Structures are given as structure tokens and as C-alpha cells.
Number of protein chains: 2
Amino acid sequence: MRVPRLFVDQNFSLGQTISVSESQAHYLIQVLRMSEGDKLRLFNGRDGEWLGKIFSISRRHCSLKLCSQKEKQNSEEDLWLIFSPIKRSRIDFVVSKATELGVIRILPVITDFTNVKRVNTQRLISNTVEAAQQCGRLSVPRVLEPQSLKSLLADWKVDRKLFYCDETRGGSPINKTFNDVKMKNKLNSAAILIGPEGGFSSSELELLNKNPNFTAIDLGPRVLRADTAAIAALSCWQAVLGDWSNA
Amino acid sequence: MRVPRLFVDQNFSLGQTISVSESQAHYLIQVLRMSEGDKLRLFNGRDGEWLGKIFSISRRHCSLKLCSQKEKQNSEEDLWLIFSPIKRSRIDFVVSKATELGVIRILPVITDFTNVKRVNTQRLISNTVEAAQQCGRLSVPRVLEPQSLKSLLADWKVDRKLFYCDETRGGSPINKTFNDVKMKNKLNSAAILIGPEGGFSSSELELLNKNPNFTAIDLGPRVLRADTAAIAALSCWQAVLGDWSNA
């Protein structure tokens, strides 16, 4: 069996004891049927990956001892995903996939045509933790509370490039855009913005078009659903500019 | 309201009458609440897109008349997706997304480590039809019955390049691989192969490695789920070699 991987938001040091949460204990004991002496891989988003051993188990509690550090914390691409919330299964999906695709921050935004009113941020966070555990990354992306797109854009820092998927086909082909950025300089910080299924409003497009830090990208002739567009754009970014481009 | 789009597998000509299937009639009448005189967009995968009008409606039947051709049939990228079946919601998802991403043929394959035993091909076909209607393409990808990966590879035609996602990180970065192909020549036919979550067996990897028509691609340091890998690889293909690369 593969050694299970667990995210635990506590400080790590050699020989330290870690008590996992009740739901994690349930998972380890009831689902994975683990017992004393069994091994686990642990990460906290700061101290790399550690090997741990279960040393005490009861019905609802599970304690581990940290045995050794297996991997140092690595640096990650500074990539954000900004998206208009969509319905339940699709939003879970986007958040999990964005985690696998190496995004470090997830920002739900309310746009003029956003249909979904309530976002369960706690559930989104659970999805990112689960996906991070599964995909082997050493951190969990931060999920922000929903905010208005317009106020987010109004406070935009100039050192972060934003690429928005323009359904009106006003953008340049995504691969050309990312290659041009790559030719010019090392891109340190970026964000991908995906609008709602109804597209951006004309006042939003105007705001987006006039800022030289914001670039429209085009994802071809077919109308992609918002979740597809998010995964597609993040994949192309990692492939050209991110950590998929290193041999 | 946007004019609804419907796939109908019948020949089209000006003024012709089309009787839609019972389930399509149900959708138009009960779900969309359409009535006589309402407009529809229709495609059959051969004759482009037509504008039609409902001219007769009853509880279970709906007839349309074809008014005019709005778009000619276009040529599509000759791209296949070959993948090891995964569990229910994820396989539905892959098939819908592959349709949005312009694949023309979907081939489920049974590999040494494939876990899923039964594939409901009919349900997959329904997913492709629904996705094709929604994304605006003029065709529906063909879904094949599951077959063995090894026999598929044994009969492989030399004029189609196959790119397989190698989880062991033996492949070249996806963007570099696709750019190299682009530099060399126009690629006419391609296939993306995604293995099961457990990866390919060593005998499968050997078969894949030794054929000069098969190229291993790498999707970065995180372990992607099979559905994520499929969408990511298809997106990168369209971005570099396919119809997302035209301005």
C-alpha cells in the first residue's frame, strides 16, 4: 500500500508528537484501518514532507511521532485562480483541479452576471486539502472569501499580470500570449480570471480592456464551460511559463 | 433567450421536415416550454448548422421545418482521446470535456491496471451529444466500445502520432514536445493516451517506449488525476497544434 499523505497545520520538528483532528483520525482508523506503528507522510505547507508513525490510537484520537524529513519545502509558482462561482459539483471540481494544477490562491469573485449567490468556502477549503494530499504537493492553496470583481480589480497590484478568458474572442491565442510573456522576461506573479457562464458585462470588459496589466486570452472556437476554461488556461500556463516547462 | 441547439442524426435540406426523438421532444416541450413557431438551431455532423422552426407539437412529438443553413460544416482537428475508464462522475466529466476540447474520437481502453470493469458506452454517447450541443461544435465525437490497449497499439496506423502521459516522469515537457512537432511539420492526425490512476504496467511502458510513433509527455511535478491529465493534455495540444493556435 502507498503510504497515506496528510496535511496537518502544526509546526514540525524531529521527534515531535502530532495529534490529528477528529475527522483525520476517523479517516486513518475507520477508512484506512491503520494501527499503531503504521507510517504516514505529513506536510504543513512550511516544513516540507515528513515521515511519521502512529504511536497511539483510540476510538477518536490518533497521535503520530515525526520520524524524519523526507523532502524540503520547495518554492512554488505564484499563480492565482480568480473565478466566478458556479454550481456545486462544478465548483468543487474547479477547486480540486486548480490545486492539482499548482495554484497558490483561489479567489471566488462576484461579477455582474454571476448566478450563484452563496459560496461554501469551508467546503472549498476541504477540497483543496484533499487534492493537495492526493497530488503530492507540499502546500494547500489559500481560498479567499468571495469578493466583488470590480473592487478586486480596483486594488490590483501592478506587479501581478492578469490573464482573462474573453468569450467574445477579443483575446490573442493563449499559447502565443504566454510565449510572448516568456520571451520578454521572467514572469513572477500571475493570475488567471474566468468569468461566469454568461460572460463578462460590458462595463467589466471595459475595465479589463483598459488596464495594461490585464491581457485577454482566447481559448478557441468552441464555447467552453467555465470549469473547462479554468483547467485549460491553468494547464497552458504551467506548460509554457510554470513548472511543467522545466525538463 | 438563446436559441436552443439540437443534434439530430438525419439528412438536412431546405424546407425539410424533421421529427425529433421522444426524449428531445420532452426536452423542448416540457423543459424549455417551447411552442409552435419557436426557433431552434440544428446540426447533424455533416451539413453545418441550420435554423429550424417548430411547426407541430403534441404531448410526445415535435416536428420542425428547416428554414436556412446558418453555417457550413467545418473541418476539424483529427484528434483522438484514448483513456482508461475511471469511475462514474469522472468518466462523464472526461467525455464532456473532451467534446468541448474538440476531440473527434473517444476510445476507452482496458489496460493492465484498469480498475473499472463496465463502461456504459450509451451514457458516454449521451454526454458527448449534450456537450456538443452546448459548446457550439458542428459534430459529435464518436465513442468506441472499450478495447484492450495492447491490441489497439498492435494495430496502430503509422500516420497517427500518439502522445502518452508518462507518470514516471520519463517524458519531455508537454509544451516542448508539441512545439517540436509544430516546427518539424504539419501534424495531421494525433491521439492523446491517458493511463489508469495506477499508471501503465512495465510491459505497457515497454510497448509504448519502443514505437517511434509514440511519444512520452510529462505534465509536471504534481500527480494529476486521470481526468485532469486528459483535459490538460488536450488543452495544450489545441493551444500549440490545434484550432486554438490560429489568431
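Residues numbered from 1 in each chain as written. Chains lettered and ligands numbered in written order. Predicted model: local features only at pLDDT ≥ 70, side-chain atom pairs only at ≥ 80, totals over all residues. Heavy atoms only, no water.

Undergrad: I keep staring at the domain arrangement of chain A and nothing clicks. Help me out?
TA: By convention, interface size is frequently given as the accessible area that disappears when the constituent parts associate. Residue and element names in this part refer to chain A. Considered domain by domain, chain A is made up of domain 1 (5–71) and domain 2 (78–240). Between domain 1 and domain 2, the buried area comes to about 680 Å², and carbon and sulfur atoms account for 63% of it. Contact with domain 2 buries surface across domain 1, with Arg 5, Phe 7 and Phe 43 losing the most and accounting together for 67% of the total. For the pair domain 1 and domain 2, the number of links is zero salt bridges. On inspection of domain 1 and its partner domain 2, the count reaches six residue pairs in polar contact (both at pLDDT 80 or more). Looking at which element gives the most residues to the side of domain 1 that touches domain 2, the answer is strand S1 (residues 5–7), with three residues. When grouped by side-chain class, the residues that make up the side of domain 1 that touches domain 2 number three nonpolar, three polar and three charged. (Domains from an automatic or database assignment. Buried area = accessible area lost by both parts, 1.4 Å probe. Salt bridge = Lys/Arg side-chain N within 4 Å of Asp/Glu carboxyl O. Polar contact = N/O pair within 3.5 Å; in protein donor to acceptor, adjacent residues only side chain to side chain. Helix = DSSP H or I, 4+ residues; strand = E, 2+ residues; numbered from the N terminus. Nonpolar A, V, L, I, M, F, W, Y, C, P; charged D, E, K, R; others polar.)

Undergrad: Where do I start with helix H3 (residues 121–135) of chain B in this structure?
TA: Residues spaced three or four apart along an α-helix point in a common direction, a consequence of the helix completing one turn every 3.6 residues. Residue and element names in this part refer to chain B. Taking 1.5 Å of rise per residue, 15 residues should cover 21 Å, and H3 covers 21 Å from first to last C-alpha, within 8% of that figure. Taken as a whole, H3 has its buried residues at Thr 121, Leu 124, Asn 127, Thr 128, Val 129, Ala 131, Ala 132, Gln 133 and Cys 135. Looking one or two places after H3, you find Gly 136, whose phi comes out positive at around 90 degrees. (Expected span 1.5 Å × (residues − 1). Buried < 20%, exposed > 50% of the residue type's maximum accessible area, 1.4 Å probe, protein only.)

Undergrad: Would you mind showing me how to read the side chain of Gln 238 of chain B here?
TA: Inspection of the secondary structure assignment puts Gln 238 of chain B in helix H7 (residues 226–240). Contacts of Gln 238 of chain B, omitting those with residues within four sequence positions, involve Arg 222 of chain A together with Glu 77, Leu 79, Leu 101, Gly 102, Asp 243, Trp 244 and Ser 245 of chain B. (Contact = heavy atoms within 4.5 Å.)

Undergrad: Can you walk me through the pairing of strand S4 (residues 49–57) of chain A in this structure?
TA: Along any regular strand the residues' side chains alternate between the sheet's two faces. Residue and element names in this part refer to chain A. Pairing between strand S3 (residues 39–43) and S4: five bridges, direction antiparallel. Looking at the pairing, Leu 42 lines up with Trp 50 of S4. Once S3 ends, the chain turns through five residues before running back antiparallel as S4, passing Gly 45 with a positive phi of about 85 degrees. Here S4 runs beside strand S5 (residues 62–71); their pairing, made up of eight bridges, is antiparallel. Residue Ile 54 lies in a different strand from S5, and its bridge partner there is Leu 64. Hairpin connection between S4 and S5: a loop of four residues separates the two successive antiparallel strands. (Pairing = 2+ DSSP bridges.)

Undergrad: Just checking my understanding: could you explain the nonpolar core for this structure?
TA: Side chains that are nonpolar tend, in soluble globular proteins, to be buried together. In terms of nonpolar packing, the biggest core is built from 80 residues, with Leu 81, Phe 178 and Ile 192 of chain A together with Leu 81, Phe 178 and Ile 192 of chain B touching the most fellow members. With residues up to four places along the chain from it excluded, the contact list for Phe 178 of chain B reads Phe 163, Ile 192, Ile 217, Ala 233, Cys 236, Trp 237, Val 240 and Leu 241 of chain B. (Core = buried A, V, L, I, M, F, W, Y, C linked by side-chain atoms within 4.5 Å.)

Undergrad: What is the right way to look at the confidence of the model for chain A in this model?
TA: Do not read the fine detail of predicted coordinates wherever pLDDT is low. With 99% of its residues at a pLDDT of at least 70, chain A reaches an overall mean of 94. Among the scores for the predicted complex, ipTM is 0.95 and pTM is 0.96. (pLDDT = per-residue confidence, 0-100.)

Undergrad: So what exactly am I meant to see when it comes to the sheet that holds S3 of chain A here?
TA: Strand pairs in the sheet, formed through backbone hydrogen bonds, run parallel or antiparallel to each other. All names here are of chain A. Sheet architecture is open: five strands sit in the order S1-S3-S4-S5-S2, paired in mixed fashion. The sheet is open, and its two borders are formed by S1 and strand S2 (17–19), each paired with just one other strand. Strand-to-strand twist in this sheet, taken as the mean axis angle between neighbours without regard to direction, amounts to 40 degrees. (Axes fitted to C-alpha atoms, helices over the stretch in contact; angles between N-to-C directions.)

Undergrad: Sorry, what's going on with the packing of helix H2 (residues 88–100) of chain B against H3 of chain B here?
TA: Geometry of a packed helix pair, given as the angle between the helix axes and the separation of the axes. Residues and elements named next belong to chain B. Interaxial distance between H2 and H3 falls to 8 Å at its minimum, and their mutual angle equals 40 degrees. Taken together, the axes of H2 and H3 are oblique relative to one another. For the crossing formed where H2 meets H3, the hand is right-handed. Seen from H2, the contacting residues are Arg 88, Ile 91, Asp 92, Val 95, Ser 96, Thr 99 and Glu 100; seen from H3, they are Arg 123, Leu 124, Asn 127, Thr 128, Ala 131, Ala 132, Gln 134 and Cys 135. (Parallel < 35°, antiparallel > 145°, perpendicular 65-115°, else oblique. Left-handed = near helix turned anticlockwise from the far one by under 90°.)

Undergrad: Could you clarify how one ought to interpret the interface of chain A and chain B in this entry?
TA: Opposite the 35 residues of chain A that make contact, chain B presents 35 residues. In total, chain A and chain B occlude about 2,900 Å² of area from one another, counting both sides; carbon and sulfur atoms represent 57% of this. Its largest share of buried area at the contact with chain B, chain A owes to Glu 100, Arg 222 and Trp 244 of chain A, together 25% of the area lost on that side. Summed over the shared surface of chain A and chain B, the result is four salt bridges. Linking chain A with chain B are 16 residue pairs in polar contact (both at pLDDT 80 or more). Elements supplying a minimum of two residues to the side of chain A that touches chain B: helix H2 (88–100), helix H3 (121–135), helix H5 (174–184) and helix H7 (226–240) of chain A.

Undergrad: Please explain helix H1 (residues 22–31) of chain A as it appears in this structure.
TA: Residues and elements named next belong to chain A. For H1, the complete set of buried residues consists of Gln 24, Ala 25, Leu 28 and Ile 29. On an axial view of H1, the arc spanned by its buried residues comes to 115 degrees, and they lie on one face. In H1, the exposed residues that point more than 90 degrees away from the buried face are Ser 23 and Val 31. Immediately beyond the C-terminal end of H1, within one or two residues, lies Arg 33, with a positive phi of roughly 55 degrees. (Arc of directions from axis to C-beta.)

Undergrad: Even after reading the chapter, I still don't get the side chain of Asn 127 of chain A, so can you show me in this structure?
TA: In this structure, Asn 127 of chain A sits in helix H3. Not counting the four nearest positions on each side in its chain, Asn 127 of chain A is found in contact with Asp 92, Val 95 and Ser 96 of chain A.

Undergrad: Teacher, can you tell me more about the environment of Glu 22 of chain A here?
TA: Examined against the element boundaries, Glu 22 of chain A turns out to sit in helix H1. The class for Glu 22 of chain A is partly exposed, based on a relative accessible area of 48%.

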